[in-house]
Every structure is written in C-alpha cells, then in structure tokens.
Amino acid sequence: MRRWEESDAEQLFKYAQDPDIGPIAGWPPHKNIEESRFIINNVLQGKEAYAICLKEDNKAIGAIELRLGDNADLGEGDDECELGYWLGKPFWGRGIMPEAARELIRHGFEDCGFNKIWCGYYDGNEKSKRVQEKLGFKYQWRSEDVDVPLMHEKRVGHVNLMTKEDWLKERNKI
Ligand SMILES: CC(C)(COP(=O)(O)OP(=O)(O)OC[C@H]1O[C@@H](n2cnc3c(N)ncnc32)[C@H](O)[C@@H]1OP(=O)(O)O)[C@@H](O)C(=O)NCCC(=O)NCCS
C-alpha cells in the first residue's frame, strides 16, 4: 500500500470504470481518465487513504482508506474511523483485500491510536460482507433508508464494528 499519485490516473480509470465496482460501494463508474485524475487529487488524498499495488510492478489495482471526521459516514470522535475499500475485478477472490485491510487495521490501532474501526456494506453486497466477516468485524445493526448521495438513491445498510479490545484479543489468540 502506498499513497495515490496523479500518474495513477490511467490505472485507476482501468478498474474504476467497471460498473461492478463503484455502484455497489456507492459511487458511479468513472467516465474518463480526467475524472480519475480529479478523484486522485480531490477524493483519494485523505490522511489514511492508500492505493493497493501489486508488489511486482507497484501499479495501483485498488483503494483502501480509514476515513476520518467529516469524510466518514460511521463513527464519532477522534478515536474512531471507518474502513472503506474496493479492488479491480481481475484481482477478486485471491484474499488481497483481507490482507490489505488486516495491515491497515493494525496501523489504525497501533500507529494512529484509534479505538474503534467501523465498516459497512449495502444490503446484497455479499463479497464485502464476507471480507468483513473474515477480518473479524462484529455485526451491529441494519439501517433502512440510508442516503447514497452520489447514486441519488436510498438503500438498506449494514454496520459492523471492530474495537481495539476485540482486535487485541483476536491477535493474542494467534
Ligand atoms: C469486496 C471486495 C473488495 C473483495 O475483495 P477480495 O480481495 O476479492 O476479497 P476475497 O478474496 O476475500 O473474496 C471475498 C469474497 O468474494 C467472493 N468472490 C471472490 N471472487 C469472486 C469473483 N471473481 N466473483 C464473484 N465473487 C467472488 C467470495 O465469496 C469471497 O469469499 P470466500 O473467500 O469466502 O469465497 C471486491 O469484491 C470489490 O472490490 N467489490 C466491489 C467494491 C465493493 O464492494 N467495495 C466494498 C464496499 S462496502
């Protein structure tokens, strides 16, 4: 994982134009490379936002972020954040996102000092639900009528939480 750079725009567009990636996460597919460049410069520059890259060529194949403050839909206070992620379709099913998320969660608890990491998925997103289960998130609640502003619609949402205490307990079992 590394920070996004403007030169990743072509690579970002390659995967973010896919209608199976953005809409299920709540954002429309990118229309062109210029839009991807704009997103890199204006959306993917959060303090804890990273490009997921293949080790062999350092090319971006997905995104992962701990969203803080106003950028987060879930969590309150300075010691809470929200995990968000997506991965280019050719790389699905290899456990890449659980691997990346495990490290970002460690970073969040150990290095950034968070005490709670929230993570959600919209109803029907079984793949994301599965990732959160594998990571050890605990189910909290279902929300009806969640606003999805970029898609101009309302959906049913599901909310998961991992506390630092839970994370430490799980880690000590290994
Ligand atoms: C959710 C996502 C990040 C998962 O990443 P990943 O690295 O493929 O995660 P995993 O390899 O652990 O696979 C998770 C589950 O997806 C399903 N899956 C994997 N590959 C798949 C494929 N090619 N087609 C359909 N489903 C697949 C499997 O059920 C798998 O669970 P399993 O390992 O128990 O069989 C990825 O599917 C994605 O980017 N989806 C679109 C964006 C999105 O939903 N983001 C999250 C918003 S909350």
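Okay, so let's go over this structure. (Residues numbered from 1 in each chain as written. Predicted model: local features only at pLDDT ≥ 70, side-chain atom pairs only at ≥ 80, totals over all residues. Heavy atoms only, no water.)

**Re the site of the ligand**
Stated formally: Summary of the distance rule: residues count as near a molecule or strand when at least one heavy atom falls within 4 Å of that molecule or strand. Under this definition, polar contacts are N or O atom pairs within 3.5 Å; protein pairs additionally need one hydrogen-donor-capable and one acceptor-capable atom, and for neighbouring residues in sequence, both atoms have to be side-chain atoms. Every accessible area reported is derived by Shrake-Rupley at a probe size of 1.4 Å, with residue values counting cover from the shown protein chains alone. A run of DSSP states H or I qualifies as a helix once it reaches four residues; a run of E qualifies as a strand once it reaches two. Both are numbered from the N-terminal end.
Around the ligand, the surrounding shell holds 22 residues, and the nearest of these are Leu 87, Gly 93, Gly 95, Arg 130 and Lys 134. Between Ile 96 and the ligand, the recorded distance is 3.4 Å, taken from a backbone N or O atom to an oxygen atom. For the ligand, the accessible surface in isolation is 930 Å², of which the surrounding protein chains cover 73%. Going through the elements one at a time, helix H2 (22–25), strand S3 (80–87), helix H4 (96–111), strand S4 (116–122) and helix H5 (126–135) are the ones with two or more residues in the shell around the ligand. No other element matches the 5 residues that H5 contributes to the shell around the ligand.

**Concerning the pattern of salt bridges**
Quick note on the threshold: Here, a salt bridge means any side-chain nitrogen of Lys or Arg that lies within 4 Å of a carboxyl oxygen of Asp or Glu. Residue exposure (1.4 Å probe, protein chains only): buried if accessible area is under 20% of the type maximum, exposed if over 50%, otherwise partly exposed.
Taken as a whole and judged by the stated rule, the model has 15 salt bridges. Here Lys 138 makes a salt bridge to Asp 166, at a shortest N to O gap of 3.3 Å. In this pair, Lys 138 sits in strand S5 (residues 138–148) while Asp 166 sits in helix H6 (residues 164–173), placing the two residues 28 residues apart along the sequence. A relative accessible area of 44% means that Lys 138 is categorised as partly exposed.

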